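Structure at a glance
Spelled out, the chains give:
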2 protein chains.
Amino acid sequence: MEAIAKNYRLIRSLSAPAICAAVVKCDAYGLGLGPVARRLSEEGCTNFFVALPQEAINLRDSLQSLRRKHSIYILSGMNDDFKDICDESIAPVLNSLEEIKLWRTYKDLVASGLPAIVNFDTGMNRLGLDRDETEQVLANTSLISPRYVNFIMSHLACADDPTHKKNEDQLDRFSNLVNVIGGRFKYSFANSPGVFLGSRFHYDMVRPGAALYGIGCNSKDRKKLSPVVELKSEILQTRSVTTGETAGYGADGRINRPSRLATVALGYGDGLFRHLGNSGRGFISGQAVPVLGRVSMDLVTLDVTDVPETLCKKGDWVEFIGAHQSPDDLADSAGTIGYEVLTALGNRFRKGYLGTIS
Amino acid sequence: MEAIAKNYRLIRSLSAPAICAAVVKCDAYGLGLGPVARRLSEEGCTNFFVALPQEAINLRDSLQSLRRKHSIYILSGMNDDFKDICDESIAPVLNSLEEIKLWRTYKDLVASGLPAIVNFDTGMNRLGLDRDETEQVLANTSLISPRYVNFIMSHLACADDPTHKKNEDQLDRFSNLVNVIGGRFKYSFANSPGVFLGSRFHYDMVRPGAALYGIGCNSKDRKKLSPVVELKSEILQTRSVTTGETAGYGADGRINRPSRLATVALGYGDGLFRHLGNSGRGFISGQAVPVLGRVSMDLVTLDVTDVPETLCKKGDWVEFIGAHQSPDDLADSAGTIGYEVLTALGNRFRKGYLGTIS
């Protein structure tokens, strides 16, 4: 938990004087919405982003005991049934003129409460006002009023590659918006890797998610972050096998020399991806031990031939995420990214937080 | 829920007179331990398998209200701290002579309670008595006593491929055990695909997991099973894009013709694997709509150009698992198996069960 707080302080200092919000969707990237958000609130974070209405409600409940004022924004847009959810601490991110109109009608009925954010697409083509709608707003800026909207935002598609030309394309389109729409609103543009692209990308509020959890960005920037997650599991059994034998489902683990195997209580049911079969690795006392054969639902078998027997007996622990392997390292072996490693972590662990939590 | 019950009845009829147990580890393969186990109990299932001690405790609690006698076996073996868990309904699967000794000592202290199962490895090389230990038992069968053990089991590695020669190898090794150890114990060998290998593989108790949930096995046998899971999500926004544009992170979704895109509220944070980027598909009114670009944490963008606009507006639903795409079909697109599709399903859905549940 101290590591998340430390990452938050780092990103805030890199992006000051911009406000530093926190993206805590998907159960704070799998790490636990309540504890993470409360710790960030204690660091002074007051703006939070989630994906779904239910996440916003859960977050509001989690933060209530702190008796501070928080702003929670729902990235997935505005629906009719949001009327029951939005209040002085929850508002949607509006992704179309239709959603803006819906929100305006609602706000005419309910004058108080948190103003919304309007999201303009600048090249991600996922959510946000499209090119036509953007032109309509640029031609008639009174389509959005500060009476019910406080921030204008957009989302970067390629910021983890600082050399990608799309970053400057998107910045051009966003800065044109800022120039035309002007100072009646505040602006938010950078996600985690966007923070590291420099102050031109920061505007009034940055929205880091991944960087808080020590993942994502490019490998150079990631080194500045504190690692947040450790994942270990226990050896259930070891065995000796001879050349020509096989291990695991499909007989896919080939034994090419007299070997010792260790079967560990961790599998794809816990988020250790099947794509790590015959390609991932764990660490015992800092020494890499390769996955042998397929990953099972609850179990994975490691080749521990090169590790002294005294270090890998039943009951000894194997590191899968930690000092020797980051979430992004593990993701590389599975052909994915650290984000998916974290959100895939299951519910069968004993989860412990280090440091102060509320 | 009716589908699971129907699959249970099918497997039981295929394997009769063998007892039909149920494997409900990993939250009943992600589908909900309590409701699934209670439904199976009502079908007459009294033997359950889980992976971990905590799962056994949760299962015992879930079944308590039914006031029937159940036997719950923990596949991951025996530990010192199991002493606090085992009782008249929970016992371990013992994977080594050391674990057998530990269990015997425990049972000498506590005479009552459920007897354990001993697991012999016959070629999976994952858990179970290894070749040396097996030979010790074959030479001296009094190493195991019916006083504290009721079943002898082994686990098939390649049963989903009925032509794999390992199936007969494992059967040979297991039947040798049965012949030498003899009638003092009952025997269990077949997992789901093992049930379909025929009665030679059934012995006294079969242990289906996957087949109950309509997945796994080979494609021919799978057709006999009822589909169990439906996964749908909602379109949040649609947009028109022009040739040369890109969509999503890394600008990886290439637009090669004037297109309409739909962004749906489902992402890898919900278990829609990132490996489905530019390769998976959803279904709208039975028509396939390909994933365009990378899957995000909470969102996926589909190319809906070929579907009438009236069928894909904001608020319309897209099927990802259902009549047109089984968990195993979706898994194929992601380079994995239906098992991992189910266990990866997240906690952000509204989960509903069809049919009677307790």
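Reading guide: rules and limits
- Along each chain, numbering runs from 1 in the same order as the chain's sequence is written.
- As a convention, the first chain written is A and the first ligand written is 1, with the rest following in written order.
- Residues qualify for local features only when their pLDDT is at least 70, as the model is predicted, and side-chain atom pairs are given and counted only at 80 or more; totals for whole chains, interfaces and linings, by contrast, use all residues.
- For side-chain calculations, the full set of non-hydrogen atoms in the structure is used, while hydrogens and water are omitted.
- The source of the domain bounds is an automatic or database domain assignment.
- In this analysis, two residues are considered to be in contact whenever any of their non-hydrogen atoms come within 4.5 Å of each other.
- Buried surface area refers to the total accessible area, computed with a probe of radius 1.4 Å, that the two partners give up upon joining, counted for both partners together.
- Basic side-chain nitrogens of Lys or Arg form a salt bridge, by our definition, when they fall within 4 Å of a carboxyl oxygen of Asp or Glu.
- Here a polar contact is recorded for every N or O atom pair within 3.5 Å, except that within protein the pair must consist of a potential hydrogen donor and a potential acceptor, and residues adjacent in sequence are included only if both atoms are side-chain atoms.
- In this count, Pro and Cys sit with the nonpolar residues alongside Ala, Val, Leu, Ile, Met, Phe, Trp and Tyr, while Asp, Glu, Lys and Arg are called charged and the others, Gly among them, polar.
- Strands here mean DSSP runs of E at least two residues long; helices mean DSSP runs of H or I at least four residues long; both are numbered from the N terminus.
- For every residue, the accessible area (1.4 Å probe, protein chains only) is compared with the maximum for its type, and the residue is labelled buried under 20%, exposed over 50%, or partly exposed between those bounds.
- Working definition: the arc comes from the directions between the helix axis and the C-beta atoms, pointing outward to the latter.
- Under this scheme, a helix contributes an axis fitted over its contacting stretch, all axes are lines through C-alpha atoms, and angles between N-to-C directions fall in the 0 to 180 degree range.
- For this classification, under 35 degrees means roughly parallel, over 145 means roughly antiparallel, 65 to 115 means roughly perpendicular, and everything else is oblique.
- At least two bridges found by DSSP between two strands is the condition for calling them paired.
- Stacked, tilted and edge-to-face pairs are distinguished by plane angle, under 30 degrees for stacked and over 60 for edge-to-face with tilted covering the rest, among Phe, Tyr and Trp rings (Trp via its six-membered ring) whose centres lie within 6.5 Å.
- Consider the ring centre and the ring normal. A charge sits over the ring if Lys NZ or Arg CZ is within 6 Å of that centre and within 35 degrees of that normal.
- Take the buried residues of types Ala, Val, Leu, Ile, Met, Phe, Trp, Tyr and Cys, join any two whose side-chain atoms come within 4.5 Å, and each joined set is a nonpolar core.
- Every definition here rests on a 1 Å grid over the protein atoms only: cavities are sets of points where a 1.4 Å probe fits but cannot get out, pockets are open sets enclosed by protein on both sides within 12 Å along at least five of seven lines, and lining residues have some atom within 4 Å of a point.
- Grid points are joined across faces, edges and corners, and a volume is the space filled by probe spheres set on the points.
- Fitting of the copies onto one another was done by least squares over C-alpha atoms, counting residues only where both copies have pLDDT of at least 70.

1. Regarding the domain arrangement of chain A
All names here are of chain A. As far as domains go, chain A holds domain 1 (2–222) and domain 2 (231–344). The C-alpha-based centres of domain 1 and domain 2 are spaced at 38 Å. Facing 11 residues of domain 1, the contacting portion of domain 2 comprises six residues. Buried surface at the junction of domain 1 and domain 2, both sides included, amounts to about 680 Å², of which 71% is carbon and sulfur. One can count one salt bridge joining domain 1 with domain 2. Seen at the junction of domain 1 and domain 2, the total is two residue pairs in polar contact (both at pLDDT 80 or more). Partitioned by chemical class, the residues of the side of domain 1 that touches domain 2 number seven nonpolar, three polar and one charged.

2. Points about the interface of chain A and chain B
In this complex, chain A contributes 63 residues to the contact, which on the side of chain B involves 63 residues. Of the roughly 5200 Å² buried between chain A and chain B on both sides combined, carbon and sulfur atoms contribute 48%. It is Asn-125, Arg-126 and Arg-239 of chain A in chain A that bury the most area against chain B; as a group they hold 14% of the surface buried on that side. At the boundary of chain A with chain B, the tally comes to six salt bridges. Note that Arg-239 of chain A and Asp-121 of chain B form a salt bridge whose closest N and O atoms lie 3.8 Å from each other. Put simply, chain A and chain B have 34 residue pairs in polar contact (both at pLDDT 80 or more) between them. Of all the elements in the fold, those that place two or more residues in the side of chain A that touches chain B are α2 (25–29), α5 (97–109), β10 (231–241), β11 (246–247), β13 (259–264) and α11 (338–344) of chain A. With four residues, the top contributor of residues to the side of chain A that touches chain B is β10 of chain A. Along the lines of polarity and charge, the residues of the side of chain A that touches chain B split into 24 nonpolar, 23 polar and 16 charged.

3. Structural notes on helix α10 (residues 327–334) of chain A
Residues and elements named next belong to chain A. All buried positions along α10 are accounted for by Pro-327, Asp-328, Leu-330, Ala-331 and Ala-334. Buried residues of α10, viewed axially, fall in a sector of 160°; they line one side. In this structure, the buried side of α10 is in contact with α9 (219–222), β14 (281–284), β17 (317–321) and α11. Backbone geometry just after α10 places Gly-335 at a positive phi near 70°.

4. Structural notes on the packing of helix α6 (residues 131–139) of chain A against helix α7 (residues 165–181) of chain A
Residue and element names in this part refer to chain A. Contact geometry for α6 and α7: axes closest at 10 Å, N-to-C directions at 25°. It follows that α6 is roughly parallel to α7 by the angle criterion. Where α6 abuts α7, its residues Arg-131, Thr-134, Val-137 and Leu-138 lie against Arg-173, Asn-176, Leu-177, Val-180 and Ile-181. Among the residues forming the contact of α6 with α7, the class breakdown is five nonpolar, two polar and two charged.

5. Side note on the pairing of strand β3 (residues 47–50) of chain A
All names here are of chain A. The side-chain alternation of β3 yields two buried faces, one formed by Asn-47 and Phe-49 and the other by Phe-48 and Val-50. As defined by bridge partners, strand β2 (residues 22–23) adjoins β3 across two bridges and the pair is classed as parallel. Looking at the pairing, Val-23 lines up with Phe-49 of β3. The sheet contact formed by β3 and strand β4 (residues 71–74) spans four bridges and is parallel. Bridge assignment links Asn-47 to a residue of β4, and that residue is Ser-71.

6. Observations regarding the packing of aromatic side chains
Residue and element names in this part refer to chain A. For the coordinates displayed, the defined rule picks out 18 aromatic pairs over all chains. Taking the centre distance of 5.0 Å and the plane angle of 85° together, the rings of Phe-174 and Tyr-203 count as edge-to-face. With Phe-174 in helix α7 and Tyr-203 in the loop between α8 (192–195) and β9 (205–206), the pair connects residues that are 29 residues apart, well separated along the chain. By relative accessible area, Tyr-203 is classed as partly exposed at 24%. Clustering of aromatic rings is evident, with ring pairs tying together Phe-174, Tyr-187, Phe-189, Phe-201 and Tyr-203. A cation sits over an aromatic face here: Arg-207 above Phe-49, 5.9 Å from the ring centre.

7. Topic: the nonpolar core
Within the largest apolar cluster, 217 residues are counted, with the highest numbers of intra-cluster contacts made by Val-24 and Tyr-213 of chain A together with Val-24 and Tyr-213 of chain B. Non-local contacts of Tyr-213 of chain A, meaning those with residues more than four positions away in its chain, are made with Ile-4, Asn-7, Val-23, Val-24, Ala-28, Tyr-29, Leu-31, Val-36, Val-228 and Leu-342 of chain A.

8. A look at empty space enclosed by the protein
A probe matching the size of a water molecule, rolled over the atoms, marks out where space remains unfilled. Scanning the model with the defined rule gives one cavity of 30 Å³ or more in all. A volume near 50 Å³ is recorded for the largest cavity. Along its surface, the largest cavity is lined by Phe-273, His-275 and Glu-340 of chain A together with Phe-273, His-275, Ala-334, Thr-336 and Glu-340 of chain B.

9. Some remarks on the relation of the copies chain A and chain B
It takes a turn of 180° to lay chain A on chain B, together with a shift of 0.0 Å along the axis; the resulting RMSD is 0.0 Å. The transformation relating the two chain copies, once decomposed into turn and shift, fits a two-fold axis. Minimal C-alpha separation from the rotation axis in chain A is found for Ala-344 of chain A, amounting to 3.4 Å.

10. Here we look at the pattern of salt bridges
Residues and elements named next belong to chain A. Considering all chains together, one arrives at 34 salt bridges over all chains under this definition. Salt-bridge contacts for Glu-168 lead to Arg-200; the nearest nitrogen and oxygen are separated by 2.6 Å. With Glu-168 in helix α7 and Arg-200 in the loop between α8 and β9, this residue pair connects regions lying 32 residues apart in the sequence. Judged by relative accessible area, Arg-200 falls into the partly exposed class, the value being 48%. Among the ionic contacts, a cluster of salt bridges with common partners joins Glu-2, Arg-9, Arg-39 and Glu-43.

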